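# Per-entry structural report
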Amino acid sequence: MDEKVLDPTAGDEEAEAGASCLGATGGSSGSRLESQLQEAVRLKTEGNAFYREKNVRTAIGRYHRALLVLRGLDSEVTSALQGFGAQVPKLSQEQEDLLRSTQVDCYNNLAACLLQRELVDYGRVLKYSLKVLQWRSGDIKALYRAGVASLELGDAQTARHYLTQASRGKPNDPDVKRPLQRVEERLSQDYQKEKALYEGMFSKQKQGEEQLAEEKTQKLV
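Computed from a predicted structure; not experimentally measured. (Residues numbered from 1 in each chain as written. Predicted model: local features only at pLDDT ≥ 70, side-chain atom pairs only at ≥ 80, totals over all residues. Heavy atoms only, no water.)

## What to know about the nonpolar core
Grouped together as the largest cluster of nonpolar side chains are 46 residues, with contacts concentrated most on Y63, L110 and C113. Of all elements in the fold, only helix 3 (31–52), helix 4 (56–71), helix 6 (93–115), helix 7 (122–135), helix 8 (140–152), helix 9 (156–169) and helix 10 (174–220) reach the threshold of two or more residues within this core. At 10 residues, the largest contribution of residues to this core is made by helix 6. (Core = buried A, V, L, I, M, F, W, Y, C linked by side-chain atoms within 4.5 Å. Buried < 20%, exposed > 50% of the residue type's maximum accessible area, 1.4 Å probe, protein only. Helix = DSSP H or I, 4+ residues; strand = E, 2+ residues; numbered from the N terminus.)

## Side note on the side chain of D173
Summarising the element assignment, D173 is placed in the loop between helix 9 and helix 10. Of the buried charged residues, D173 lacks a salt bridge, with K170 as the closest side chain of opposite charge at 5.2 Å. Polar contacts involving the side chain of D173 include one to the main-chain amide nitrogen of D175, which spans 2.9 Å. (Lys, Arg positive; Asp, Glu negative; His and termini not counted. Salt bridge = Lys/Arg side-chain N within 4 Å of Asp/Glu carboxyl O. Polar contact = N/O pair within 3.5 Å; in protein donor to acceptor, adjacent residues only side chain to side chain.)

## Focus: the packing of aromatic side chains
Under the definition given, this model contains two aromatic pairs. For the pair Y107 and Y128, a centre-to-centre distance of 5.8 Å together with 40° between the ring planes defines the contact as tilted. One end of the pair, Y107, is in helix 6; the other, Y128, is in helix 7, and 21 residues separate them in sequence. Like Y128, Y107 is buried. Residue Y107 is classed as buried on the basis of its relative accessible area of 15%. (Phe/Tyr/Trp six-rings, centres within 6.5 Å; stacked < 30°, edge-to-face > 60°.)

## Here we look at the environment of T164
Relative to the elements of secondary structure, T164 occurs in helix 9. Taking the C-alpha atoms as reference, T164 lies 8.8 Å from L143; in sequence the two are 21 residues apart.

## Focus on the packing of helix 6 against helix 7
Between helix 6 and helix 7, whose axes approach to 9 Å, the crossing angle comes to 155°. On the basis of their axis angle, the class for helix 6 and helix 7 is roughly antiparallel. The way helix 6 lies across helix 7 gives a crossing that is left-handed. Along the contact surface, helix 6 presents R100, Q103, V104, Y107, N108, L110, A111, L114 and L115, while helix 7 presents Y122, R124, V125, Y128, S129, K131, V132 and W135. Across the contact of helix 6 with helix 7, the residue classes tally to 11 nonpolar, three polar and three charged. (Axes fitted to C-alpha atoms, helices over the stretch in contact; angles between N-to-C directions. Parallel < 35°, antiparallel > 145°, perpendicular 65-115°, else oblique. Left-handed = near helix turned anticlockwise from the far one by under 90°. Contact = heavy atoms within 4.5 Å. Nonpolar A, V, L, I, M, F, W, Y, C, P; charged D, E, K, R; others polar.)

## Observations concerning the confidence of the model for the chain
Looking at the chain as a whole, the pLDDT averages 82, with 67% of positions reaching at least 70. The low-confidence segment residues 1–6, where pLDDT is below 50, has 16 contacts with residues more than four positions distant or belonging to other chains. Contacts for the low-pLDDT stretch residues 23–29, under 50 throughout, to residues beyond four places or in other chains number four contacts. (pLDDT = per-residue confidence, 0-100.)

## Points about the pattern of salt bridges
Applying the stated rule across the entire model yields nine salt bridges. With a closest N to O distance of 3.0 Å, K44 and D105 form a salt bridge. Residue K44 is found in helix 3, and its partner D105 is found in helix 6; the two are separated by 61 residues along the sequence. Classification of K44 as buried rests on a relative accessible area of 0%. Given a relative accessible area of 10%, D105 falls into the buried group.

## Considering helix 3
In this model helix 3 runs 31 Å from its N-terminal to its C-terminal C-alpha over 22 residues, within 8% of the 32 Å that 1.5 Å per residue would give. For helix 3, every residue scored as buried is listed here: L33, E34, L37, A40, V41, L43, K44, G47, N48 and Y51. The first or second residue beyond helix 3 is K54, which carries a positive phi of 65°. (Expected span 1.5 Å × (residues − 1).)

What follows is the structure, given as structure tokens:
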């Protein structure tokens, strides 16, 4: 996959610029919210720097902290608290967009970090990638990682689904083609095994019927 897809930090500068603009234009009434949003973006940016330095463990910590900051602002989370009299922060559309884009970046980057580890937790890679796809269904990075994780978890059919979508966005990318080829090989092997199994079952059934027919013939004689 090309550098922009492999590097989890590619394209994040746009969100960081949005945070700076938000802080410069926001009013005093939303200063606390803006401060939290900017703190989350700062933590994500630090995570990106650690990732580039190949300090994956620290990068993961920064992304988790950024997501923790954002959790208290996320309308999908805080809406459940309204019935308990909790004060739910009100975000402008601009703030909501920045929150969501930062969450997407962090989950995408976490999945990328986990794939760099010696022992990869593919279940978590899939979980984080699906989080991204929940909010950004056509994200090539998340589709690719969800496909790779599904393949490693033994679900070749699901892997084909995600990797086929990723290949439509990156049709000539060899890093997408390779796991997709592995998927097709796995599905072909599974088909041959299933075919052999059914043929074996059919053969045994046929032998049993022939033996039963022979026994009936012998009794008649």
